[in-house]
Amino acid sequence: MVLLSTLGNVFAQRSKIIIPDIAGYQTLKGDFHMHTVFSDGHVWPTFRVNEALRDGMDVIAITEHMDYEGFPEEIERDYNKSYEIAAEAAKDKGLMVIKGVEISPRVPPYHHNAIFLEDANSLPMEYMKNTHKKFIMKDSITREQLMEPFLEAQRQGAFVSYNHPSYNWWDKKDTVLFTDFHQELLDKGILGGVEVVNSGRYNIIAHRMAMKYNLTMLCNTDEHYDMYPRYVDTHRPMTLVFVEEKTPEGVEEAMRAKRTALYFGDYVVARQPEAEALFKAAVGVDAEKKDRKGEPIIVVTLKNTSDIPFHLQLKSRYNIELLPLGQLILGAQEEKEVVLKEVWDTPDETKLEVKVENILVTPDEAMLTQFTFSDFE
Ligand SMILES: [Zn+2]
Ligand SMILES: [Zn+2]
């Protein structure tokens, strides 16, 4: 499956991406992992807000490393501060800012985000020896010390997700990335999500983890700099969250209910219900019986009203004209006609089976759906 990343794409930096609401839910564009100068990022929190407004985001979380300070001489350690500055800048602009923190030991369980926190400063970090410009952990760390910040996050009602599994300092002696520490977090009801896409990169291990342990899937930028140059040829990667209401509570409810879809490059990763709802909301279909000089045909019009391009493989009981293997690329905001021919017997109802090659519902399967035409106009 080779996809051209530029095909039919609308870049976030040039215009805001259009993605429809789905049946019963509003679709929000989110990014739940990013840094500022209050940990090891290189921008001021208001920059993250301006960037998000430019890209048409609905919700962002600022998640500083609670155990690392890049600029201790200039910035006093306060992990609520970047949230407060960003929230103030975002006020009345339609952008929600969520308070979060990144718990970042370099031993299992590795990095996790805790978002929807009350107080980011009260998470214990007894496993650290030095946090000033250097990340140095104590020589002997207990499992209890590593567990403490998670227990505090749980006390605060936070949503915890596993960030970028298999990052380069992963201790390969573990062999498994989902360690017994993660199992304990899961058993305690602390672990809720996993970052399947980090800074635009798809992580198949994280995707398998999401399936196996029934975790919410996330797609975050984890940006430390200005993200514009990184995504200049594509759009900003995002987690689509399907909410009942556009409030922080609504986002949290949707996240706990696992109603997300990940949009990065030309790909969407989602579970079947969200994937199918999103595709059906984006692509409208209309079928008409016609007589082409005595030859009965069905003309199917597919109309994509979203900015997500879809790579389709169509199947019908009739022959599909002109499209080898029924392959069709339906670009952003594009309308295309498909002719079904040799329509000699005409049942009341006919089906068009659709495989959407760029929507993954599992690490191994593209999404399948179908359109049924019954009342031909
Ligand atoms: Zn990290
Ligand atoms: Zn990070």
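About the cut-offs
- Residues numbered from 1 in each chain as written.
- Chains lettered and ligands numbered in written order.
- Predicted model: local features only at pLDDT ≥ 70, side-chain atom pairs only at ≥ 80, totals over all residues.
- Helix = DSSP H or I, 4+ residues; strand = E, 2+ residues; numbered from the N terminus.
- Rg over C-alpha atoms; globule rule 2.2 N^0.38 Å.
- Buried ≥ 20, exposed ≤ 12 C-beta atoms within 10 Å, placed from the backbone.
- Contact = placed C-beta atoms within 7 Å.
- Axes fitted to C-alpha atoms, helices over the stretch in contact; angles between N-to-C directions.
- Parallel < 35°, antiparallel > 145°, perpendicular 65-115°, else oblique.
- Left-handed = near helix turned anticlockwise from the far one by under 90°.
- Nonpolar A, V, L, I, M, F, W, Y, C, P; charged D, E, K, R; others polar.
- Domains from an automatic or database assignment.
- Pairing = 2+ DSSP bridges.
- Expected span 1.5 Å × (residues − 1).
- Bend = angle between axes of the 7 residues up to and from the residue.

S.K.: Explanation requested: the overall build of the protein in the structure shown.
M.R.: Scanning the protein from terminus to terminus reveals 7 helices and 21 strands. For the protein, the C-alpha radius of gyration of 23 Å lies close to 21 Å, the compact-globule estimate for 377 residues. Each of the 377 residues in the protein was classed as buried or not, and the buried ones make up 42%. Taking contacts inside the protein between residues at least 6 apart in sequence as the whole, the part at least 24 apart equals 67%.

S.K.: How should the packing of helix α1 (residues 45-54) against helix α2 (residues 81-90) be read in this particular structure?
M.R.: When two helices pack together, their arrangement is captured by the angle between the axes and the distance separating the axes. Following both chains from N to C, one finds α1 and α2 inclined at 40°, their axes separated by 8 Å at the closest point. With respect to each other, α1 and α2 are oriented oblique. Here α1 runs over α2; the crossing is right-handed. For the pair α1 and α2, the contacting residues are P45, T46, R48 and V49 in the first and S82, I85, A86, A89 and A90 in the second. Looking at the contact of α1 with α2 residue by residue, the class counts come to 6 nonpolar, 2 polar and 1 charged.

S.K.: I'm lost on the domain arrangement of the protein in this one. Help?
M.R.: Often, the extent of an interface is quoted as the loss of accessible area upon association of its parts. Parsing the protein into structural domains produces domain 1 (26-265) and domain 2 (283-373). The gap between the C-alpha centroids of domain 1 and domain 2 is 40 Å.

S.K.: Got a minute to help me understand the environment of I204 in this structure?
M.R.: Structurally, I204 can be placed in helix α5 (residues 204-213). Judged by the 12 C-beta atoms lying within 10 Å of it, I204 is exposed.

S.K.: Sorry, what's going on with the sheet that holds strand β15 (residues 295-304) here?
M.R.: In any sheet, the strands associate via hydrogen bonds between backbone groups, in a parallel or an antiparallel arrangement. Ordered in space as β14-β15-β19-β17, the 4 strands form an open sheet in which the pairing is antiparallel. Since the sheet does not close on itself, it has two edges, and those belong to β14 (283-292) and β17 (319-320), each with one partner. Bridging between β15 and strand β19 (residues 335-341) involves 6 bridges; their strand directions are antiparallel. The partner of T301 across the bridge, within β19, is E337.

S.K.: When you look at helix α3 (residues 143-155) in this model, what are you seeing that I'm missing?
M.R.: Counting along an α-helix, one turn takes 3.6 residues, and residues three or four places apart therefore face a common direction. In a regular helix each residue adds 1.5 Å, so 13 residues correspond to 18 Å; α3 covers 18 Å between its end C-alpha atoms and thus fits that length. Where α3 bends most, at P149, the angle is about 25°. Among all positions in α3, only P149, F150 and A153 are buried. At its buried positions, α3 is contacted by β3 (96-103), β4 (112-115), β7 (159-162) and α4 (180-187).

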